[in-house]
Amino acid sequence: MEKIVFTPEGEEPVQFYILEQTRLGGVDYILVTDSEEGDGEAFILRDMSALEDTEALYEIVTEDKELNAVAAVFEDMLEDVELS
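Residues numbered from 1 in each chain as written. Predicted model: local features only at pLDDT ≥ 70, side-chain atom pairs only at ≥ 80, totals over all residues. Heavy atoms only, no water.

### Notes on the overall build of the protein chain
The helix and strand tally for the protein chain stands at 1 helix and 5 strands. Along its sequence from the N terminus, the protein chain presents helices and strands in the succession β-β-β-β-β-α. For 84 residues, the compact-globule estimate of 2.2 N^0.38 gives 12 Å, and the protein chain sits close to it at 13 Å. With the C-alpha coordinates aligned to their principal axes, the bounding extent of the protein chain is approximately 35 × 30 × 20 Å. Taken across its 84 residues, the protein chain has 24% of its residues classed as buried. Long-range contacts, defined as pairs at least 24 residues apart, comprise 26% of the intrachain contacts of the protein chain with a sequence gap of at least 6. Within the structure as shown, the protein chain displays about 6200 Å² of accessible surface, and the carbon and sulfur contribution to it stands at 45%. Charged side chains of the protein chain number 4 positive and 24 negative; the gap between the two group centres comes to 7 Å. (Helix = DSSP H or I, 4+ residues; strand = E, 2+ residues; numbered from the N terminus. Rg over C-alpha atoms; globule rule 2.2 N^0.38 Å. Buried < 20%, exposed > 50% of the residue type's maximum accessible area, 1.4 Å probe, protein only. Contact = heavy atoms within 4.5 Å. Areas by Shrake-Rupley, 256 points an atom, 1.4 Å probe, with all protein chains shown as cover. Lys, Arg positive; Asp, Glu negative; His and termini not counted. Charge placed at Lys NZ, Arg CZ, Asp CG, Glu CD.)

### Quick notes on the side chain of arginine 46
Topologically, arginine 46 is positioned in strand β4 (residues 42-47). Engagement of the side chain of arginine 46 in a polar contact is seen with the side chain of glutamate 59, the distance being 2.3 Å. Setting aside residues no more than four positions away along its own chain, arginine 46 makes contact with Val27, Asp28, Tyr29, Leu57, Tyr58, Glu59, Val61 and Glu66. (Polar contact = N/O pair within 3.5 Å; in protein donor to acceptor, adjacent residues only side chain to side chain.)

Right under this line is the structure:
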């Protein structure tokens, strides 16, 4: 499983494991978890970086309508995963 490290401004780096990625409505999303195995906390992140950016900039999706739409896509992609 691919690992990604996030470095929030002014905070310690946090590592997540990428479960899946998709593009919806021209926006890239990744589904990440904090645990490599077993049940962990999952987050859907939206890619906010511009084409010219050298590093990716992600933001946690919190708006319910967007979150539900993207979660449904990831659930279809990962048949054995239920996001709630």
